Amino acid sequence: MRSVIKFLVVLALVFAVVLWVAGLDGQMEIRHGEWWIGISLPAAIVLAVALFLVLHALLRIVGWLRGWPERRRVRARLNDRALAEIGLTRALVALAAGRPEAARIEVARAKGLAGATPQLLLLEAEAARSLGDDEGAAKAFEELAARADSRFLGLRGLLRQAEAREDWDSARQIAAEAQAVEPKAEWLRAERSEVALRRKDWGEALALSSSEAPRASLTLAAAEQEPEPAKAAELERQAFMADPAFSPAVLAHARRLTEAGSPRRGRAVLQQGWDAAPHPDIAAAFLAPEEDRIRRVKMADDLTRNTTAHPESRLLRARVSLDAGLTGRARQELVALRDSGHADRRGYDLLVELERAEHSPDAAREKEAAWLREAAEAPAEPIWRCGHCGTEHRSWKPLCDACNTAGAISWSGAGR
Ligand SMILES: [Zn+2]
């Protein structure tokens, strides 16, 4: 409605102007020597307007003709881009359908039309990967990484490739570059931590580790790698603080304190570790400075005072009592251990040893046989075992050499 009114107003104005021009009085004259042209003023105005319109139209036509090749180029480019888009979709479908060779051909054609766009480069890399052409994939990923807008995509591809060929040094460098591009990518942090584990760079793995990581074992592993004694000592302390039930850290921290001239503090750490999770190695370290067998019995009592009924405490007291010739005490502990239902083979081995100590060989034989029958049913003695693959290890180590999992080796015995 508004535009209709506008149109009518313009029409009325034009009409008024035409009427006004038609009503003008006067004449226009052009003289040149003997030549003379004379026309009325309205006719001259109409002529001037007509001339202006014709000139304007002419200029427009010239401009249109001059822009024609450029328009043609743009149209061709748009056409190419549309064709490339179709090629890209076809390549995606081919890749999804498991026809990487066809995807590769489509990508090459689309690249010819639209140039190497990030999408096409990524598809090219994926197609090459599917065809087992790692070199081709690497080339495409490198091209992606060289562009500012797709740098992360390229680095991500190169990282996967480095990991696949277990080139951990390259993987570390690429992952760090990728993290610089995308500092907030959490998965990348986990990836870098994993790469650090693979490189056995425990310090870096620890720095990058998440809250669920086995901190005590990683820290202790980092301590073992640390050449500077003061730093190593601090890492051992941190490992112990992270998990006082982790006996390797308890032993390392206590050993360091003792060597530094604080045997009492060393003993206190062993005591704390034993209270958290009794482990035979802790008992061995605690009793090591004492050679007198009777005094060792007293020390074992001290160590186990907070964990009297724990199977490891009973085993320890039985062992030192037997060594000191206190067979009555040893028997008391071993019978209690057996009755608790937590005796493993070591308990029965001690019972056999006890029978031999108390009886003549003939009298002992029958009793030994009974214990050995029971021992066959008892659980095996605890050991360091990888929680990931189940491989047994003689001692703790940061990395399972059977399955390469870090921080998975744990003691299979009873805990607290
Ligand atoms: Zn393993």
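Right above here is the structure, for reference.
Just so you know, these numbers come straight off a predicted model, no measurement behind them. (Residues numbered from 1 in each chain as written. Predicted model: local features only at pLDDT ≥ 70, side-chain atom pairs only at ≥ 80, totals over all residues. Heavy atoms only, no water.)

### Quick word on the overall build of the protein chain
Logical step 1: Looking only at helices and strands, one finds 19 helices and five strands in the protein chain.
Logical step 2: Its C-alpha radius of gyration of 45 Å places the protein chain more than 25% over the 22 Å reference for a compact globule of 416 residues.
Logical step 3: C-alpha atoms of the protein chain, sized along the principal axes, occupy 160 × 50 × 45 Å.
Logical step 4: When the accessible surface of the protein chain is split by element, carbon and sulfur atoms take 56% of a total near 25400 Å².
Logical step 5: In the protein chain, 59 positive and 59 negative side-chain charges are present, and the distance between their average locations comes to 6 Å. (Helix = DSSP H or I, 4+ residues; strand = E, 2+ residues; numbered from the N terminus. Rg over C-alpha atoms; globule rule 2.2 N^0.38 Å. Areas by Shrake-Rupley, 256 points an atom, 1.4 Å probe, with all protein chains shown as cover. Lys, Arg positive; Asp, Glu negative; His and termini not counted. Charge placed at Lys NZ, Arg CZ, Asp CG, Glu CD.)

### Quick notes on the side chain of Glu 355
Logical step 1: Secondary-structure assignment places Glu 355 in helix H18 (residues 345-358).
Logical step 2: Given a relative accessible area of 1%, Glu 355 falls into the buried group.
Logical step 3: Those residues in contact with Glu 355, other than ones at most four positions away along the chain, are Arg 331, Ala 364, Lys 367, Glu 368 and Trp 371. (Buried < 20%, exposed > 50% of the residue type's maximum accessible area, 1.4 Å probe, protein only. Contact = heavy atoms within 4.5 Å.)

### Some points on the coordination of the zinc ion
Logical step 1: The coordination sphere of the zinc ion contains the protein donors Cys 386 (SG), Cys 389 (SG), Cys 400 (SG) and Cys 403 (SG), at a distance range of 2.2 to 2.3 Å.
Logical step 2: Note that the zinc ion binds four donor atoms; their angles at the metal cover 106 to 111°, and the shape is tetrahedral.
Logical step 3: Within one chain, the residues serving as donors to the zinc ion are arranged as C-x2-C-x10-C-x2-C.
Logical step 4: Since its relative accessible area comes to 35%, Cys 389 is described here as partly exposed. (Donors = N, O, S within 2.8 Å, 3.2 Å for Na, K, Ca; no water. Tetrahedral: all angles 85-135°; square planar, octahedral: opposite > 155°, others 65-115°.)

### As for the sheet that holds strand S5 (residues 409-411)
Hydrogen bonds between backbone groups are what pair the strands of a sheet, and the pairing can be parallel or antiparallel.
Logical step 1: Read across the open sheet, the three strands follow the order S4-S3-S5; overall the sheet is antiparallel. Looking at which strands have only one partner, the edges of the open sheet turn out to be strand S4 (392-393) and S5.
Logical step 2: With three bridges connecting them, strand S3 (residues 384-386) and S5 associate as antiparallel partners. Considered in S5, the bridge of Arg 385 is made with Ser 410. (Pairing = 2+ DSSP bridges.)

### A word on the pairing of strand S2 (residues 35-40)
The side chains of a regular strand alternate between the sheet's two faces.
Logical step 1: As paired strands, strand S1 (residues 27-32) and S2 are joined by six bridges and run antiparallel to one another. Bridge pairing in S2 places Gln 27 opposite Ser 40.
Logical step 2: In sequence, S1 turns back onto S2 through a hairpin of two residues, with Gly 33 there showing a positive phi of about 60°.

### Thoughts on the pattern of salt bridges
Logical step 1: For the coordinates displayed, the defined rule picks out 36 salt bridges.
Logical step 2: Asp 149 is paired through a salt bridge with Arg 147; the nearest N and O atoms lie 3.2 Å apart.
Logical step 3: Among the residues examined, Asp 149 registers a relative accessible area of 58% and is labelled exposed.
Logical step 4: Residue class for Arg 147 comes out partly exposed when judged on its relative accessible area of 29%.
Logical step 5: The salt bridge partner of Arg 151 is Glu 177, with a shortest N-O separation of 3.2 Å. Taken together, the residues Arg 151 in helix H6 (residues 151-164) and Glu 177 in helix H7 (residues 168-181) connect sequence positions 26 residues apart.
Logical step 6: Linked by salt bridges that have partners in common, Arg 90, Glu 106 and Arg 109 make up one network. (Salt bridge = Lys/Arg side-chain N within 4 Å of Asp/Glu carboxyl O.)

### Describing the packing of aromatic side chains
Pairs of aromatic rings are described using the distance from one ring centre to the other and the angle between the two planes.
Logical step 1: Within this structure, the stated rule accounts for four aromatic pairs.
Logical step 2: Ring geometry for Phe 152 and Trp 187: centres 6.2 Å apart, planes at 70°, overall edge-to-face. Highlighted residues: Phe 152 in helix H6 and Trp 187 in helix H8 (residues 186-198), separated in sequence by 35 residues.
Logical step 3: We classify Phe 152 as buried; its relative accessible area is 19%. (Phe/Tyr/Trp six-rings, centres within 6.5 Å; stacked < 30°, edge-to-face > 60°.)

### Looking at the nonpolar core
Proteins that are soluble and globular tend to have nonpolar side chains buried together.
Logical step 1: By size, the foremost hydrophobic cluster in this structure holds 30 residues, and its most contacted members are Leu 270 and Leu 316.
Logical step 2: Counting only elements with at least two residues in this core, the list comes to helix H10 (215-225), helix H11 (229-242), helix H12 (247-259), helix H13 (263-276), helix H14 (280-287), helix H15 (293-303), helix H16 (311-323) and S3.
Logical step 3: Ranked by residues supplied to this core, first place goes to H12 with six residues.
Logical step 4: Every residue in contact with Leu 270, bar those within four places of it in the chain, is listed here: Val 250, Leu 251, Ala 254, Ile 282, Ala 285, Phe 286 and Leu 303.
Logical step 5: Of all hydrophobic cores here, the second largest spans 22 residues; its members include Phe 141, Ala 145, Leu 158 and Leu 159. (Core = buried A, V, L, I, M, F, W, Y, C linked by side-chain atoms within 4.5 Å.)

Bear in mind that shape data such as this cannot, by itself, settle questions of function.
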